[in-house]
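Given next are the chains, with one letter for each unit.
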Amino acid sequence: MKKIGFDNELYIKKQKQHILERIENANGKLYLEFGGKLFDDYHASRVLPGFDVNAKIKLLHELKDQAEIIFVISAGDIEKTKMRADLGITYDMDVLRLIDNITKLGIEVNSVVITRYTGQVAADAFSAKLDQHGIKNYFHKPIKGYPVDIDYICSEEGFGANPYVETTKPLVVVTAPGPGSGKLATCLSQVYHENTRGIPTGYAKFETFPIWNVPLKHPVNLAYEAATADLDDVNMIDPFHLEAYGETTVNYNRDVEAFPIVQSTLAKISNENFDYKSPTDMGVNMAGYAIVDDDAVRDASEQEIIRRFFATKCDYRKGKEKKSAVDKIKRIMQELNISPDDRAVVNAALKKEEELGVPAAAIELEDGRIITGKASELMSASSVVLNAIKAITGIDDDLTLLTPIILEPILAMKTEILGSRSTILNLDAVLTALSVSGATNSLAIKAMERDLEFHSTQMLDSSDESVLRQLGLRVTCEPIYPSKDLFF
């Protein structure tokens, strides 16, 4: 049984209270730069066992009477069709998805701000689509000298040239589908406009990681470094906070480097609401106060770092990642004295492959049992899911759930009619056959426990990996191609 290390109810209670206090301290209006994912924050749930993947949106739902949301997206990201890797959709489509989901929850979406606009045709098309759906949207053009030339930035030619987004709620959440979208600049632009209109307005930042009030080298913070290895983010002691208060807190390099400029910009915009002496002061994250079992969080974070190591090695093998990212996570693991051997399913899968001489996979069940499986002529090693279903539901291990008689017609359809070169059935086809075969039913598939660990001795077909993740398995793979084919 996995240990709970995080009190989600306490977290939402403390987070809500703290944000309301910030609104009050800002004389009634606060722009909150909101980082990370509003929905499906699986990284947080993996490193903070007990964290609700939708905790952030539930928090905003509790604040819905006081809050409205501005979405920010870079015109360059629209033009480049930048993708959210976890969802496989472009940033602009993700904005539409988020607006749909948030609106259904009764949370007000104010508008969309398209930043760094220089006439991109794709950005114009996205704006037109928003117009057709009645969603207010605005263009922010690049500001000469941003972010260094503060006098020009905080002038009518700088922030003043941006259109003013009229807001009515005391809390304005500024969020985006991914990093580098322009959230900070949008917040500062709005604070400038509010102050020129005589409306005292505050600014704060909400990022879950790194957690500022746990040690710098705590595994939960190192897991954040592993997750952002491609961005070269580094956690560090906040030197401004240490100097101002004599307290050691944790932040990350980009916020520390940007703080003097942000501090000077806020001072130029003026009003007494910006008495920030450090980047930690600007943050509102209360996650550290909801950690109730530090050992459980440490263990979960170390496992996440190992998973990130495998994922990054596979991405490097596919040409999607730099060698430096792999090396960075390797250094983190050395620092914590952990290795792939500390992930139980890894050794189990490798041992199975060594015994049988074919690709293999392993699943660790909730009760600690490790179930293994192998590839066959009809199914990949992902079919270990069938063995796990038998173990969970108490079906005799000797019982064959799917015979070749059931699978061969499906394979014939795939190869002879649909023209596929592969003679291996994908996992979704196997599970569909299982649900209608009469050997079991869809309830058996539903019985698959969530958050189980999975490891394969070779990289998986993208559709198999997607199905495994939808079943709630935490997937890792050896960085080995399943064949010599160039197309994978």
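Up top is the structure.
Parameters and conventions
Residues numbered from 1 in each chain as written. Predicted model: local features only at pLDDT ≥ 70, side-chain atom pairs only at ≥ 80, totals over all residues. Heavy atoms only, no water. Pairing = 2+ DSSP bridges. Helix = DSSP H or I, 4+ residues; strand = E, 2+ residues; numbered from the N terminus. Axes fitted to C-alpha atoms, helices over the stretch in contact; angles between N-to-C directions. Expected span 1.5 Å × (residues − 1). Buried < 20%, exposed > 50% of the residue type's maximum accessible area, 1.4 Å probe, protein only. Arc of directions from axis to C-beta. Contact = heavy atoms within 4.5 Å. Salt bridge = Lys/Arg side-chain N within 4 Å of Asp/Glu carboxyl O.

(A) Here's a closer look at the sheet that holds strand S1 (residues 30-34). Pairing is parallel in the open sheet, where six strands are placed in the order S6-S5-S2-S7-S1-S8. The sheet terminates laterally at strand S6 (137-139) and strand S8 (202-206), the two strands that pair on one side only. The sheet shows a mean angle of 25 degrees between the axes of neighbouring strands, direction not considered. Relative to strand S5 (residues 108-115), strand S2 (residues 67-74) runs parallel, the two sharing seven bridges. Along S5, the bridge assignment pairs Ile70 with Ser111.

(B) Up close: helix H14 (residues 323-336). Between its terminal C-alpha atoms H14 stretches 20 Å, which fits the 20 Å expected from 14 residues at 1.5 Å a residue. When we look at burial in H14, the residues that qualify are Ala325, Val326, Lys328, Ile329, Ile332, Met333 and Leu336. In an axial view of H14, the angular spread of the buried residues amounts to 160 degrees, which keeps them on one side of the axis. Those residues of H14 that are buried are in contact with helix H9 (219-227) and helix H13 (294-317). Positive phi shows up at Asn337, right after H14, with a value of about 60 degrees.

(C) Layout of the environment of Pro340. As for its placement among the helices and strands, Pro340 is situated in the loop between H14 and helix H15 (344-356). When its relative accessible area of 23% is taken as the criterion, Pro340 is described as partly exposed. The spacing of Pro340 and Gln303 is 37 residues in sequence and 9.0 Å in space, taken between C-alpha atoms. Not counting chain neighbours up to four residues away, the residues in contact with Pro340 comprise Ile306, Phe309, Phe310, Met333 and Val346.

(D) Spatial organisation of the environment of Phe34. Locating Phe34 in the fold gives a position in strand S1. On the basis of relative accessibility, which here comes to 1%, the residue Phe34 falls in the buried class. Spatially, the C-alpha atom of Phe34 lies 10.0 Å from that of Phe71, the residues being 37 residues apart in sequence.

(E) The pairing of strand S11 (residues 360-364), seen in detail. S11 sits mainly inside the fold: four of its five residues count as buried. As defined by bridge partners, S11 adjoins strand S12 (residues 370-374) across five bridges and the pair is classed as antiparallel. Directly across from Glu364, in S12, lies its bridge partner Ile370. Linking S11 back to S12 in an antiparallel pair, the connection comprises five residues, with Gly368 at a positive phi of about 95 degrees. Across four bridges, the pairing between S11 and strand S13 (residues 452-456) is antiparallel.

(F) Quick peek at the sheet that holds S11. Pairing is mixed across the open sheet formed by four strands, whose spatial order is S12-S11-S13-S14. Whereas interior strands pair on both sides, the edge strands pair on one side only; in this sheet they are S12 and strand S14 (473-477). Ignoring which end each strand starts from, the neighbouring axes of this sheet average 20 degrees apart. Most of the contacts of helix H16 (residues 384-393) go to S12, to which it runs at about 145 degrees, and overall it touches S11, S12 and S13.

(G) Representation of the pattern of salt bridges within the structure. Throughout the structure, instances matching the rule amount to 24 salt bridges. Here Glu304 and Arg46 are joined by a salt bridge, their closest N and O atoms 2.7 Å apart. With Glu304 in helix H13 and Arg46 in helix H2 (residues 42-47), this residue pair connects regions lying 258 residues apart in the sequence. A relative accessible area of 2% means that Glu304 is categorised as buried. Between Asp94 and Arg84 there is a salt bridge, with the nearest N and O atoms lying 3.0 Å from each other. With a gap of 10 residues between them, Asp94 in helix H5 (residues 91-104) and Arg84 in strand S3 (residues 83-84) connect regions that are remote in the sequence. We note that Asp94, like Arg84, is buried. Each of Arg46, Glu304, Arg307, Arg308, Arg343, Asp451, Glu453 and Arg474 takes part in a single network of salt bridges with overlapping partners.

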